[in-house]
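Summary of the model geometry
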Amino acid sequence: MTVNEEIISENEKELAAFASAENAAISPVLTRVLEEIRQTGVPYYQWPHLRALLVARLKVALDETQAADKSGAVTVGWSPTNKEKYEERRQQVAEQLTAFDGPPFTLQRLTEVILEPHKSYKNLNKLFNALEKLLSVTSTIPVADPRRQDEPVVDENEPPAAITVSVSPVSPAPAPQVVAGAVDGDVVAKAPWSTGEASS
């Protein structure tokens, strides 16, 4: 999927507005952003804005699955019908995602799961377990704006990357030239920078 500059700009504006608003609905434009990530695995947008969208969609996915879960599966101290425990666990998973300073390494799979949770997980407990596992990683991936090739998006919340410097190794000195001497086969060394004859 190729993303043109106009679409990226429109998505950025929508994401920024969504991140600054409370209880905003996920628009078709924002769903398109999630679809991009599901297909490419590449985050094009500032992490704080994208994170707000992911958290909102994660909560929607959990709520939809909780409403549809008829399993009645009970785990230790928790079940889909225990509203208090459900809210507590839902909040914990959302906080796991919020704690990331950059997009998690598992971003693409996370997006797949929260867009279509019922595709892989019919049971709310299994969905919770999958999300917790996806968010237990510590590695993050850089945000990459395709409009600026080879230049990652600068995120105000991210510390600057370490600068790497490559140093060429020092060339060895050239080997001295060997000149056969005129006297009794003596060999004398001639300095490479010397233009005159070497004397013995």
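My aim in this report is to walk through the structure given alongside it, one point at a time. (Residues numbered from 1 in each chain as written. Predicted model: local features only at pLDDT ≥ 70, side-chain atom pairs only at ≥ 80, totals over all residues. Heavy atoms only, no water.)

Another point: the overall build of the protein. Regarding its fold elements, the protein presents 7 helices and 2 strands. Counting only residues that meet the buried cut, the protein has 34% of its 200 residues in that class. Long-range contacts, defined as pairs at least 24 residues apart, comprise 68% of the intrachain contacts of the protein with a sequence gap of at least 6. As displayed, the protein offers around 12,500 Å² of accessible surface, 53% of which is attributable to carbon and sulfur atoms. (Helix = DSSP H or I, 4+ residues; strand = E, 2+ residues; numbered from the N terminus. Buried < 20%, exposed > 50% of the residue type's maximum accessible area, 1.4 Å probe, protein only. Contact = heavy atoms within 4.5 Å. Areas by Shrake-Rupley, 256 points an atom, 1.4 Å probe, with all protein chains shown as cover.)

This paragraph deals with the pattern of salt bridges. Note on pairing: side chains with opposite charge can pair once their charged atoms come close. According to the stated counting rule, one finds 9 salt bridges in the structure shown. Ionic pairing is found between E10 and R32, a salt bridge with its closest N-O pair at 3.3 Å. Here E10 is found in helix α1 (residues 5–20), whereas its partner R32 is found in helix α2 (residues 28–40), with 22 residues between them in sequence. Looking at E10, the relative accessible area reads 38%, which means it is partly exposed. (Salt bridge = Lys/Arg side-chain N within 4 Å of Asp/Glu carboxyl O.)

What follows deals with the packing of aromatic side chains. Tallying each qualifying case throughout the model produces 2 aromatic pairs. Seen in terms of ring centroids, Y44 and Y45 are 6.0 Å apart; in terms of plane orientation they differ by 80°. Their pairing is edge-to-face. As far as the burial class goes, Y44 and Y45 line up, both buried. (Phe/Tyr/Trp six-rings, centres within 6.5 Å; stacked < 30°, edge-to-face > 60°.)

Such coordinate-based values are descriptive only and should not be taken to indicate function.
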